[in-house]
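Chain by chain, the residues run as shown.
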Amino acid sequence: MSETERTFVMVKPDGVQRGLIGDIVSRFEDRGLKMVGGKFMQIDQDLAEEHYGEHADKPFFDGLVDFITSGPVFAMVWEGQDATRQVRTMMGETDPAESAPGTIRGDYGLDLGRNVIHGSDHEDEGANEREIDLFFDEDELVDWDQIDAPWLY
Ligand code: RTP
Ligand code: MG
């Protein structure tokens, strides 16, 4: 059985503008993942350049930074077994046109730029921890367990 881990996820500016935060959060809750951090925020230039640093020499880098700083995002940390990979599977492919219906990008993505959601890369070892540290202070993450209560059914 794979390990419980945390992963970084973000509803991008297009997803926020289109009112998709609730749907996206629901999908991860329904899947059985647990939210341990979340904040609605505006990314500044420095944070954007650091977050997407791996793409600094790509032709689309400036456009990507402009887009991710163009409006508020909803940054989250989700916990669960193999969470990084689970989230990436639920997201679909980078290009919405190649994403299967039922995935987040397959259902909502408009184009390669406006693809609604970011998730840590499961093929990049440690990317999840690095991105969590970049966006969240330790005290912004909450350790919690589902309780066993008579009103929970
Ligand atoms: P993300 O990091 O945003 O979750 O997306 P990803 O892992 O699926 O894709 P990645 O390769 O990390 O690329 C980051 C974002 O850059 C834009 N992109 N444009 N050829 C292009 O014009 C191109 N390639 C990538 C996409 O918006 C992608 O989400
Ligand atoms: Mg990526």
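For clarity, every value in this text was computed on a predicted model and none was experimentally measured.

## Some points on the overall build of the chain
Next up, step 1: The helix and strand inventory of the chain stands at 7 helices and 4 strands.
Next up, step 2: When the helices and strands of the chain are read in sequence order from the N terminus, they spell out β-α-α-β-α-α-β-α-α-β-α.
Next up, step 3: Relative to the 2.2 N^0.38 estimate, which gives 15 Å for 153 residues, the radius of gyration of the chain is 15 Å and therefore close to what a compact globule would have.
Next up, step 4: For the chain, the C-alpha atoms occupy an extent of roughly 55 × 35 × 30 Å along the three principal directions.
Next up, step 5: When each of the 153 residues of the chain is scored for burial, the buried share is 29%.
Next up, step 6: For the chain, contacts bridging at least 24 residues in sequence account for 70% of all contacts bridging at least 6.

## Looking at the UniProt feature "active site" (unreviewed entry) in the chain
Next up, step 1: Sequence positions flagged by UniProt for "active site" (unreviewed entry) are, in local numbering, H118.
Next up, step 2: Assignment of secondary structure puts H118 in strand β4 (residues 117-119).
Next up, step 3: Judged by local crowding, H118 falls into the buried class, with 20 C-beta atoms found within 10 Å.

## Considering the UniProt feature "binding site: ATP" (unreviewed entry) in the chain
Next up, step 1: In the numbering used here, UniProt assigns the "binding site: ATP" (unreviewed entry) feature to K12, F60, R88, T94, R105 and N115.
Next up, step 2: Inspection of the secondary structure assignment puts T94 in the loop between α5 (83-91) and α6 (104-108).
Next up, step 3: The exposed category is assigned to T94, around which 11 C-beta atoms lie within 10 Å.
Next up, step 4: Those residues in contact with N115, other than ones at most four positions away along the chain, are T94, P96, R105 and G109.

## Description of the sheet that holds β4
Next up, step 1: The strand order across the open sheet formed by 4 strands is β2-β3-β1-β4, and the pairing between neighbours is antiparallel. Edge strands, defined here as strands with exactly one partner in the open sheet, are β2 (34-41) and β4. With direction set aside, neighbouring strand axes in the sheet form an average angle of 20°.
Next up, step 2: One ladder, built from 8 bridges, connects strand β1 (residues 4-11) with strand β3 (residues 73-81); its direction is antiparallel. Bridge pairing links R6 to E79 in β3.

## Overview of the site of ligand 1
Next up, step 1: The full set of residues close to ligand 1 is H55, F60, L64, T94, L112, G113, N115, H118, G119 and D121.
Next up, step 2: Of the residues in the shell around ligand 1, the class split is 3 nonpolar, 6 polar and 1 charged.

## Here we look at the nonpolar core
Next up, step 1: Ranked by internal contacts, the top residues of the largest apolar core, which has 25 residues, are V9, M10, M76, W78, I104 and I117.
Next up, step 2: Those elements giving two or more residues to this core turn out to be β1, α2 (21-31), β3, α5, α6 and α7 (127-135).
Next up, step 3: Excluding its chain neighbours within four sequence positions, the residues that come into contact with M76 are V9, M10, M35, G37 and G38.

## A closer look at unusual backbone geometry
Next up, step 1: Non-glycine residue D82 carries a positive phi angle of around 55°.
Next up, step 2: Mapped onto the elements, D82 comes out in the loop between β3 and α5.
Next up, step 3: The phi dihedral of V116 is positive, around 75°, even though this residue is not glycine.
Next up, step 4: Overall, V116 belongs to the buried group, with 24 C-beta atoms counted inside 10 Å.

## Considerations on the pairing of β1
Next up, step 1: In terms of residue burial, β1 counts as a mostly covered element, since 6 of its 8 residues are buried.
Next up, step 2: Of the strand pairs in this sheet, β1 and β4 are connected by 3 bridges, and their pairing is antiparallel. Looking across to β4, one finds that M10 is bridged to H118.

Parameters at a glance
- Think of each chain on its own: its residues are numbered from 1, step by step along the sequence as written.
- To read the labels, note that chains go from A and ligands from 1, taken in the order they are written.
- It should be noted that, the model being predicted, local features are given only for residues of pLDDT at least 70 and side-chain atom pairs only at 80 or more, the latter also being counted only at that level, while totals for whole chains, interfaces and linings use all residues.
- Helix and strand assignments come from DSSP, with helices taken as H or I runs of at least 4 residues and strands as E runs of at least 2, each series counted from the N terminus.
- Each radius of gyration is computed over the set of C-alpha atoms, and the globule rule expresses the reference value as 2.2 Å times the number of residues to the power 0.38.
- Remark: C-beta atoms are placed from the backbone, and a residue is labelled buried if 20 or more other C-beta atoms sit within 10 Å of its own, exposed if 12 or fewer do, or partly exposed between those counts.
- By definition, residues are in contact whenever their C-beta atoms, placed on the basis of the backbone, come within 7 Å of each other.
- UniProt positions are given in the numbering used here, feature names are shortened, and annotations may be inferred rather than shown by experiment.
- Between any two strands, at least two bridges found by DSSP are needed for them to pair.
- All axes are obtained by fitting lines to C-alpha atoms, using only the stretch in contact for helices, and the reported angles, taken between N-to-C directions, cover 0 to 180 degrees.
- In this analysis a residue is considered near a molecule or strand if the C-beta atom, reconstructed from its backbone, is found within 6 Å of that molecule or strand.
- Residue polarity follows a fixed list, in which Ala, Val, Leu, Ile, Met, Phe, Trp, Tyr, Cys and Pro are nonpolar, Asp, Glu, Lys and Arg are charged, and the others, Gly among them, are polar.
- By convention in this section, buried Ala, Val, Leu, Ile, Met, Phe, Trp, Tyr and Cys residues joined through C-beta atoms within 7 Å make up a nonpolar core.

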